[in-house]
There are 2 protein chains.
Amino acid sequence: MDPLEAVGPAPDLVSDVFARACTSRAAFEDVTSRWSSLALLALGEGPHRFGELRRRVEGVSERMLAQTLRALERDGLITRSDAGTIPPRVDYALTPLGAQVAAGLRGLADVLESAVPEIDRARLDYDAR
Amino acid sequence: MDPLEAVGPAPDLVSDVFARACTSRAAFEDVTSRWSSLALLALGEGPHRFGELRRRVEGVSERMLAQTLRALERDGLITRSDAGTIPPRVDYALTPLGAQVAAGLRGLADVLESAVPEIDRARLDYDAR
DNA sequence: AGATGGCACTTACCAATAGTTAGTGTCGAG
DNA sequence: CTCGACACTAACTATTGGTAAGTGCCATCT
């Protein structure tokens, strides 16, 4: 057996989010970047058109949304389907991998949403000093 | 029964990460911001000193790490304990809430770490166009 | 019928944000 | 006796992100 061939089977041990050069770190940064997480969360509720996403994710500029969606598509987390019609119609949806990620983000969002009173208290305490 | 009184009991329904003005949105952005998530991930492995975190999270500047940790402390996700000695010694650790969040982030990181081959493939495909 | 707004973007410009470098004061190691 | 570690902060600069406007076509409102 080729020794080079034998390296393949355990790729999960070599990927590390903490490593600057690792793909997982880059993907993690893409996923957790300001608008990506919100976009993934929105797509977790079902496919959306560009304008729908723009309205759902309060505060995104069109520029940043387009940029964000391109990055997520590149990482294979979402699909983009352009109907090619006029007026234009483009639908975005999660891939299976994207769905996993979105589920994780939903979990995080749930934790934080229900912790709002606790967080507000902590902030008040902190700001009092 | 006072109609105003009846609104109180379900605070989980009023917090929404998508709402720009909601505390949960702000906290979510703090948690998912570039260095926070990595810092929380590191603290998920146990308490760390400032310098330890700096080394663990490859690429953070001292400035950004200090800023990040202050934000997380303010939100009640981590604690900061200054021994007051010289040379200085400051330990950071997760609060129970922070631990919940860190666990969620760990899940995300695990998904992405094991999806590295898939992501690499998706990127190659995308870039080929 | 002419103006308005939605569609999914892109481009140019400028403000805000993040990274880089240098400094603080004390101590232990070489 | 100079160097580095420690946990930061302050000043400067590079990069990023938000704002505003433009694209071309169509449907609706007036």
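In what follows, the structure referred to is the one given above.
Predicted model, so just to flag it, every value in this text is computed and none were measured. (Residues numbered from 1 in each chain as written. Chains lettered and ligands numbered in written order. Predicted model: local features only at pLDDT ≥ 70, side-chain atom pairs only at ≥ 80, totals over all residues. Heavy atoms only, no water.)

A. Spatial organisation of the packing of aromatic side chains. All told, the structure shown has zero aromatic pairs over all chains when counted by the stated rule. Stacked on the ring of Phe18 of chain B, the Lys or Arg Arg56 of chain A has its end atom at 3.9 Å from the ring centre. (Phe/Tyr/Trp six-rings, centres within 6.5 Å; stacked < 30°, edge-to-face > 60°. Lys NZ or Arg CZ within 6 Å of the ring centre and 35° of its normal.)

B. View of the sheet that holds strand S1 (residues 48-49) of chain A. Residue and element names in this part refer to chain A. If you walk across this open sheet you meet the three strands as S1-S3-S2, and the pairing is antiparallel. Two strands lie at the open edges of the sheet, namely S1 and strand S2 (78-82), each paired on one side alone. Where S2 lies against strand S3 (residues 90-94), five bridges are found, and the strand directions are antiparallel. By the bridge assignment for S3, Ile78 is matched with Leu94. Contacts from helix H2 (residues 36-43) reach S1, S2 and S3, with the element oriented near 90 degrees to S3. (Pairing = 2+ DSSP bridges. Helix = DSSP H or I, 4+ residues; strand = E, 2+ residues; numbered from the N terminus. Contact = heavy atoms within 4.5 Å. Axes fitted to C-alpha atoms, helices over the stretch in contact; angles between N-to-C directions.)

C. Focus on the protein's contact with DNA strand D. Around DNA strand D there are 20 residues in total, and Arg63 and Met64 of chain A together with Glu62, Arg80 and Tyr92 of chain B lie nearest to it. Separating a phosphate oxygen of DNA strand D from a side-chain N or O atom of Trp35 of chain A is a distance of 3.2 Å. Between DNA strand D and Pro88 of chain B there is a distance of 3.2 Å, counted from a sugar or linking oxygen to a backbone nitrogen or oxygen. (Near = heavy atom within 4 Å. Polar contact = N/O pair within 3.5 Å; in protein donor to acceptor, adjacent residues only side chain to side chain.)

D. Looking closely at the interface of chain B and chain A. In this assembly, 55 residues from chain B lie in contact with 55 residues from chain A. Of the roughly 5,100 Å² buried between chain B and chain A, counting both surfaces, carbon and sulfur atoms make up 64%. Counting the contacts that link chain B with chain A gives ten salt bridges. Between Arg129 of chain A and Glu73 of chain B there is a salt bridge, with the nearest N and O atoms lying 4.0 Å from each other. Summed over the shared surface of chain B and chain A, the number is 18 residue pairs in polar contact (both at pLDDT 80 or more). Of all the elements in the fold, those that place two or more residues in the side of chain B that touches chain A are helix H1 (23-32), helix H2 (36-43), helix H4 (62-74), helix H5 (96-114) and helix H6 (116-128) of chain B. Along the lines of polarity and charge, the residues of the side of chain B that touches chain A split into 25 nonpolar, ten polar and 20 charged. (Buried area = accessible area lost by both parts, 1.4 Å probe. Salt bridge = Lys/Arg side-chain N within 4 Å of Asp/Glu carboxyl O. Nonpolar A, V, L, I, M, F, W, Y, C, P; charged D, E, K, R; others polar.)

E. Representation of unusual backbone geometry within the structure. Residue Pro87 of chain A follows Ile86 of chain A across a cis peptide bond; omega there is 0 degrees. Inspection of the secondary structure assignment puts Pro87 of chain A in the loop between S2 and S3.

F. Spatial organisation of the side chain of Glu73 of chain B. Mapped onto the secondary structure, Glu73 of chain B falls in helix H4. The contact partners of Glu73 of chain B, leaving out residues within four places of it in the chain, are Tyr126 and Arg129 of chain A together with Ile78 and Arg80 of chain B.

G. Quick look at the sheet that holds strand S2 (residues 78-82) of chain B. Strands sit in the order S1-S3-S2 (chain B) across an open sheet of three strands; the sheet is antiparallel. Strand pairing shows two members of the sheet lacking a second neighbour, strand S1 (48-49) and S2 of chain B, which therefore form its edges.

Treat this as a map of the structure, not an account of what it does.
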